[in-house]
Amino acid sequence: MARTRVNVSALYAALDAARTKKELSWRQLAAAVGVSPSTMTRMANGNRPDVDAFVALVRWLGMPAETFMVDPEDEQREARAEKPELMAQLAPLLRSRSDLGAEDVKYLEEVIGAAVRRFASDRESRSR
């Protein structure tokens, strides 16, 4: 039996980032997508959108639906597995973006790298 579910927090975060970039309110976003504002409120509270709303939301984002689908068993396996370095995962994505120049990519890699090092340092000092 399939146990795949929608990762509501990831979907909501992606919508929030796109909404902020386009300078839209949540109500304006709902209208642009063609869903009710209450759908956005339900998602803010961690509730899944219905199937039609989910399709409309991922289409509006221009992202594959699979990006926001997770399987609890996969999550458990991933939690136990060693994670690849974040920058190793992000670098190809950043470099593949046609809207970022080489200098932009270099800057973003430096900023993200500094943040990753800071977080690791903070975690290390808390574990002592």
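Quick note: structure is the one above.
Predicted model only: the values in this text are computed from it and were never measured.

Scanning the entire structure with this criterion turns up 1 aromatic pair. Geometrically, the ring pair formed by Tyr12 and Trp26 is stacked, given 4.6 Å between the ring centres and 10 degrees between the ring planes. On the criterion of sequence distance, the pair formed by Tyr12 in helix H1 (residues 8-21) and Trp26 in helix H2 (residues 26-33) is long-range, its members being 14 residues apart. On the accessibility criterion, Tyr12 (21% relative accessible area) is partly exposed.

Here the structure, examined in full by the defined rule, presents 4 salt bridges. Between Asp16 and Arg19 there is a salt bridge whose closest N-O contact spans 2.6 Å. Note that Asp16 and Arg19 are positioned in helix H1 at a spacing of 3 residues, about one turn of the helix. Look at Asp16 and you get partly exposed, because its relative accessible area is 27%. Of the residues examined, Arg19 reaches a relative accessible area of 16% and is grouped as buried. We note a salt bridge from Asp122 to Arg118, for which the minimum N-O separation is 3.3 Å. Of this pair, Asp122 and Arg118 are both found in helix H7 (residues 102-126), 4 residues apart, which corresponds to roughly one turn of the helix. Look at Asp122 and you get partly exposed, because its relative accessible area is 25%.

The rules we used
- Residues numbered from 1 in each chain as written.
- Predicted model: local features only at pLDDT ≥ 70, side-chain atom pairs only at ≥ 80, totals over all residues.
- Heavy atoms only, no water.
- Phe/Tyr/Trp six-rings, centres within 6.5 Å; stacked < 30°, edge-to-face > 60°.
- Helix = DSSP H or I, 4+ residues; strand = E, 2+ residues; numbered from the N terminus.
- Buried < 20%, exposed > 50% of the residue type's maximum accessible area, 1.4 Å probe, protein only.
- Salt bridge = Lys/Arg side-chain N within 4 Å of Asp/Glu carboxyl O.

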